[in-house]
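Analysis of the macromolecular model
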Amino acid sequence: KDEGDKDKKKKRKHTAACREILRKLQAHEMATWFLFPVDPKVVPNYRKVIKKPIDFSTIENRLKKGRYKTAEGFMNEILMVFDNCRLFNEDDSPIGRAGHALRSYFDERWAELVRDN
Ligand SMILES: Cn1cc(C(=O)NCCN)ccc1=O
């Protein structure tokens, strides 16, 4: 079992844990607006305001392709979903509130993952 094998095993482990968290986020009732890229035809000025658009389907594809070296790389992109949401939406709006609710839900799931690993 050389170093490389151990690293690969560790990466598979955190990828599985991240895929589990992502599945839970995608299944959340407030996740609707975050599942797929925001359509610039539907939300005209979105791309002007949000420099790093990111959504759960994009993160899922990157996870499947093994693009995240560490679980933190995955976490950073999940948090970007919520930062974009806070930047573009009033806190007191349906999407703004959904973003805050989903961010709290993510924080709890992430704390569990850290505790269990
Ligand atoms: C994440 N996010 C999604 C939308 C969206 O999907 N709008 C079309 C349906 N209302 C708008 C703003 C935003 O931050």
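What counts and how
Residues numbered from 1 in each chain as written. Predicted model: local features only at pLDDT ≥ 70, side-chain atom pairs only at ≥ 80, totals over all residues. Heavy atoms only, no water. Helix = DSSP H or I, 4+ residues; strand = E, 2+ residues; numbered from the N terminus. Contact = heavy atoms within 4.5 Å. Areas by Shrake-Rupley, 256 points an atom, 1.4 Å probe, with all protein chains shown as cover. Lys, Arg positive; Asp, Glu negative; His and termini not counted. Charge placed at Lys NZ, Arg CZ, Asp CG, Glu CD. Buried < 20%, exposed > 50% of the residue type's maximum accessible area, 1.4 Å probe, protein only. pLDDT = per-residue confidence, 0-100. Core = buried A, V, L, I, M, F, W, Y, C linked by side-chain atoms within 4.5 Å. Axes fitted to C-alpha atoms, helices over the stretch in contact; angles between N-to-C directions. Parallel < 35°, antiparallel > 145°, perpendicular 65-115°, else oblique. Nonpolar A, V, L, I, M, F, W, Y, C, P; charged D, E, K, R; others polar.

Quick word on the overall build of the protein chain
- Counting secondary structure elements, the protein chain contains 5 helices and 0 strands.
- Order of helices (α) and strands (β) in the protein chain, N terminus to C terminus: α-α-α-α-α.
- Each principal axis of the C-alpha atoms in the protein chain carries an extent, and together these give about 50 × 25 × 20 Å.
- Long-range contacts, defined here as pairs at least 24 residues apart, represent 66% of the contacts in the protein chain between residues at least 6 apart.
- Within the structure as shown, the protein chain displays about 7,700 Å² of accessible surface, and the carbon and sulfur contribution to it stands at 54%.
- For the protein chain, the distance from the average position of its 26 positive side-chain charges to the average position of its 19 negative side-chain charges is 6 Å.

Here's the deal with the side chain of H14
- One can find H14 in helix 1 (residues 3-27).
- Accessibility expressed as a relative area gives 16% for H14, which makes it buried.

As for the confidence of the model for the protein chain
- Here the protein chain shows a mean pLDDT of 96. Residues at 70 or above account for 99%.
- The complex model carries a pTM of 0.94, and its ipTM stands at 0.94.

Considering the nonpolar core
- Counting 24 residues, the largest nonpolar core has F56, I59, F74, I78, F82, F106 and W110 as its most contacted members.
- Of all the secondary structure elements, the ones that give two or more residues to this core are helix 1, helix 3 (56-64), helix 4 (71-88) and helix 5 (94-116).
- If one sorts the elements of this core by residue count, helix 4 sits on top with 8 residues.
- When sequence neighbours within four positions are dropped, the list of residues in contact with I59 reads L22, I54, Y68, F74, E77, I78 and V81.

Topic: the packing of helix 3 against helix 4
- With their axes 10 Å apart at the nearest point, helix 3 and helix 4 run at an angle of 170 degrees to one another. It follows that helix 3 is roughly antiparallel to helix 4 by the angle criterion. Together, F56, I59, R62 and L63 of helix 3 and F74, E77, I78, V81 and F82 of helix 4 make up the contact between the two elements.
- Looking at the contact of helix 3 with helix 4, its residues break down into 7 nonpolar, no polar and 2 charged.

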